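Architecture and fold: a report
Residue-level listing of the chains:
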Amino acid sequence: MNVILIAGLGPALMETEDLTGSLYDQDHPEIRRQYYIGGRDCTPERLVYQIRGESIPLLRPRPKLQETDYISETLKSILSAEDIPFHFIPICQIWADEVPDTRGLEGESIVCLSTTFMWNERMLNHSISWIFQHLNCRYLVVGGQYGVLKQEYLLQHWGTPNLFLQTGEAELSLVPLIRVLQAGGGEKELCAIPNLLSKRNSGTLLRTTTEDFDFRSVPRVHFRGQNSYIPYMSMRGCPYRCKFCALRECTPKWQYQTAERIFADWRAYAQENGARHFTINDSTFFIPYDKIPPLLKLLKGSGFTWDANARADTPFDASSVKELEEAGCTALFFGFESMCSETLKKMDKRTTPADNRRINCLFANSSITTKMSFIVGFPGETPEDFAQTQSYLVNEHVGRYSLYVFEYEGDILPIGKEKDKYQLELLPENGGYHWAHAGEHWKHCGMDSDTARSLRAQTIRLTRIHPNSMAVYRTWQDAYAWPFVPELDKEQNLRIEKLLDQLVFAPVDAGTALEVEVHRILEELEAFHIVLGQ
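Bear in mind the structure is a predicted one, so any value in this text is a computation, not a measurement. (Residues numbered from 1 in each chain as written. Predicted model: local features only at pLDDT ≥ 70, side-chain atom pairs only at ≥ 80, totals over all residues. Heavy atoms only, no water.)

Time to look at the side chain of E73. Mapped onto the elements, E73 comes out in helix α1 (residues 70–81). Classification of E73 as buried rests on a relative accessible area of 7%. Look past the residues within four positions of E73 in its chain and what remains in contact with it is T68, V221, H222 and F223. (Helix = DSSP H or I, 4+ residues; strand = E, 2+ residues; numbered from the N terminus. Buried < 20%, exposed > 50% of the residue type's maximum accessible area, 1.4 Å probe, protein only. Contact = heavy atoms within 4.5 Å.)

Right, here's the structure in full:
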């Protein structure tokens, strides 16, 4: 019987409504004609920066990294280590509604679906429907974090004796389950496999014993071929209980690798795969902090570069920022979430607005790129509470940020236990929602989702047009290499990015004064030796 593995990242859906009315509004390509001013094309693609007698395009495609992710490679490693042949289908084919290539897959299959990068029931249903439409699926094995959270839902809506839910780590149960199913699926043999849940023909549930494993003893994930970029995880689980995150609910045990193990893994990837850059996928990398100083010493002079997620209460100071730079850190991503102390308490974030300000100031002049994320509309938050976040972003924040409207999909989030306290309820949907979204239409005692979306749009526009704002919201920029001008420092490149963003949104912000606004932006860019190319 065939084994088909389906895994990968969630759909990378940019909020296209953010680009409405701009140069890059895909529904209105005619807007581009407004940028032909005085017989010249004034779009950002025409800009060059002049240096040492050369004219170099300002917008250069970002180097394409090999498309891989940690979860997919982990599952491939588990199967390969036990010599189990399998056919891999990237989950992006499901998101794109593509027809899979099933040549060579004769007969029935065991389909193993990872749900780690799913976040709502629509995505789950869309994926399973796609599998039964396109594959000859005899057994469906569902694993990953979201599947753990939605066990009851899966059993109710998709539960048959041919559905098996993995309720723990794949390292313990995936291979034994495949072998038993290939041999005929005996009940006695199934009962011996840990972390398994299935509805049997009798209507009863098969729920096997729960077992943990020692993450530190697990061999590193093996990647195939040459790849200068490697995704990496140094921990499983998370010690925090933020109420907007369900990670603790599906992975309750927190485990992490030592500094020595991390460095040894990276050196092995460098030797086997030619790896030079590592993206650390941990929910927060810098805990426990006592592992960080020895790791930075090991990384200094190694030639490796890396990026990671961090918390605002990490005990960074000026000297540790310098050590991070020397150790090859290129980017850090912080979840600030709010600049209102009461909202942070409601989130159980265990950080303060003072922590957020301290981190932003520390890294403002560092070579390390930062991006801070915020939430608008968390249960109990009022427009007056969010005004503190908006004021900070417009007047104080330096660098990139993202701003998300709270989404609520039932009670799988810890905040769901307090829905009565905050009068939180989902409202009927008005249609028009993409299947990758759910829980977007809600209200609570502080505001409703329409208000939250309005505040988000208002904040993004204010940070863009305010003359002194140093905050940059990213919509179109990810396709291009950063920094725009490598010879200039981060502050100058952020100013260039701000001007380019204003240029992209000139039709939205300037209205009938578009031509005047475009000339102003081009004049400011000239100070950086950036001009329209020939």
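Let us look at the pattern of salt bridges. Under the criterion given, the structure shown has 31 salt bridges. A salt bridge links E121 to K150; its shortest N-O distance comes to 2.7 Å. Of this pair, E121 sits in helix α3 (residues 121–134) while K150 is found in the loop between α4 (145–149) and α5 (151–158), placing the two residues 29 residues apart along the sequence. A relative accessible area of 25% places E121 in the partly exposed class. The class for K150 is buried, based on a relative accessible area of 9%. A salt bridge links R495 to E524, with the nearest nitrogen and oxygen atoms 2.9 Å apart. Taken together, the positions of R495 in helix α16 (residues 490–504) and E524 in helix α18 (residues 514–526) put the pair 29 residues apart, joining distant regions of the chain. On the accessibility criterion, R495 (19% relative accessible area) is buried. When salt bridges that share partners are traced, they join R400, R474, D478 and E497 into one network. (Salt bridge = Lys/Arg side-chain N within 4 Å of Asp/Glu carboxyl O.)

Our focus in this paragraph is the packing of α3 against α5. Contact pair α3 / α5: the axes reach a minimum separation of 12 Å and the direction vectors enclose 40°. The orientation of α3 with respect to α5, classified from their angle, is oblique. In the crossing of α3 with α5, the sense of the turn from one axis to the other is right-handed. Contact residues: α3 offers E121, L124, N125, I128, S129 and F132, while α5 offers Y153, L154 and W158. Counted by class, the contact of α3 with α5 contains six nonpolar, two polar and one charged residues. (Axes fitted to C-alpha atoms, helices over the stretch in contact; angles between N-to-C directions. Parallel < 35°, antiparallel > 145°, perpendicular 65-115°, else oblique. Left-handed = near helix turned anticlockwise from the far one by under 90°. Nonpolar A, V, L, I, M, F, W, Y, C, P; charged D, E, K, R; others polar.)

It is worth spelling out helix α9 (residues 259–273) at this point. Look at α9: 21 Å from first C-alpha to last across 15 residues, which is about the 21 Å you get at 1.5 Å a residue. Buried-residue contacts for α9 involve β12 (229–232), β15 (277–280), α10 (292–299) and β16 (305–310). Just downstream of α9 lies G274, where phi reads positive at about 70°. (Expected span 1.5 Å × (residues − 1).)

What follows is about helix α13 (residues 353–364). For an α-helix, the turn length of 3.6 residues means that residues three or four places apart are oriented alike. In this model, α13 (twelve residues) spans 16 Å end to end at C-alpha, consistent with the 16 Å of a helix rising 1.5 Å per residue. Of the positions making up α13, those classed as buried are P353, D355, N356, I359, N360, F363 and A364. Along α13, the residues classed as buried sweep out an arc of 160° about the axis, all on the same side. Within α13, the exposed residues directed more than 90 degrees away from the buried face are A354 and C361. (Arc of directions from axis to C-beta.)

So, on to the sheet that holds strand β22 (residues 470–473). Across the sheet, which stays open at both edges, the seven strands sit in the order β12-β15-β16-β17-β18-β19-β22 with parallel pairing between neighbours. Looking along the sheet, the strands with just one partner apiece sit at the ends: β12 and β22. On average, adjacent strands in this sheet sit at an angle of 25° to one another, irrespective of strand direction. Across three bridges, β15 lies against β16 in parallel orientation. Paired with F278 across the two strands is W306, which belongs to β16. Sheet contacts for helix α15 (residues 449–465): β18 (369–376), β19 (398–405) and β22; angle to β19, the most-contacted strand, approximately 165°. The strands that α16 touches are β19 and β22; relative to β22, the one it contacts most, it runs at about 55°. (Pairing = 2+ DSSP bridges.)

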